[in-house]
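# Breakdown of the fold
Here's the letter readout for the chains.
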Amino acid sequence: QVQLVESGGGLVQAGGSLRLSCAVSESIGSMFGIGWFRQAPGKEREFAAAFWRRSITYYADSVKGRFAISRDTAKNTVYLQINTLRPEDTAVYLCAATRRSGLTGYGSPDSYDYWGRGTQVTVSS
């Protein structure tokens, strides 16, 4: 079973930055897709960024230009650099992966089979 562990969250002031990490127990090169989602209290899980079809990157409109996904295949780690943070970015950030291509696409949680537990990001005013 693929395991993912997120880290790097914390409390940051508006306008600040964090670098989130997702350590994967399997070769990330074997994954069809790896994505970052976020979920705030009382809200649905929201797509943020992903590698899809191995190397193509996608971003939600709400984070485009501020967030950047990257990876280190030697470390089996995926990163999410989150910049120019706003209070509305406050959420638990979760990493997810799948070995398969599906019908629901990169932005749907249903496309991912493996999930980490998340790391909390809190942005203060």
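Above this text sits the structure in question.
If you trace the 4 strands from one edge of the open sheet to the other, you get β1-β3-β8-β7, paired in antiparallel fashion. Two strands close off the open sheet at either side, each with one partner strand: β1 (4-7) and β7 (67-72). On average, each strand axis in the sheet is tilted by 20° relative to the strand beside it, whichever way the strands run. The pairing of β1 with strand β3 (residues 18-24) spans 4 bridges and is antiparallel. Each residue of the ladder has a partner; that of Val 5, found in β3, is Ala 23.

By secondary structure assignment, the location of Asn 76 is in the loop between β7 and β8 (77-82). One polar contact links the side chain of Asn 76 to the main-chain amide nitrogen of Ile 28, over a distance of 3.2 Å.

Evaluation of the coordinates by the stated rule reveals 9 aromatic pairs. With centroids separated by 5.7 Å and ring planes inclined at 70°, the aromatic side chains of Phe 37 and Phe 47 adopt a geometry described as edge-to-face. Here Phe 37 is found in strand β4 (residues 33-39), whereas its partner Phe 47 is found in strand β5 (residues 46-52), with 10 residues between them in sequence. Each member of the pair, Phe 37 as well as Phe 47, is classed as buried. Centre to centre, the rings of Phe 37 and Trp 115 are 5.2 Å apart; their planes meet at 55°, and the pair counts as tilted. Remark: Trp 115 occurs in strand β10 (residues 114-115) and Phe 37 occurs in strand β4; sequence separation between them is 78 residues. For Trp 115, a relative accessible area of 26% corresponds to the partly exposed category.

The rules behind the values
- Residues numbered from 1 in each chain as written.
- Predicted model: local features only at pLDDT ≥ 70, side-chain atom pairs only at ≥ 80, totals over all residues.
- Heavy atoms only, no water.
- Pairing = 2+ DSSP bridges.
- Helix = DSSP H or I, 4+ residues; strand = E, 2+ residues; numbered from the N terminus.
- Axes fitted to C-alpha atoms, helices over the stretch in contact; angles between N-to-C directions.
- Polar contact = N/O pair within 3.5 Å; in protein donor to acceptor, adjacent residues only side chain to side chain.
- Phe/Tyr/Trp six-rings, centres within 6.5 Å; stacked < 30°, edge-to-face > 60°.
- Buried < 20%, exposed > 50% of the residue type's maximum accessible area, 1.4 Å probe, protein only.

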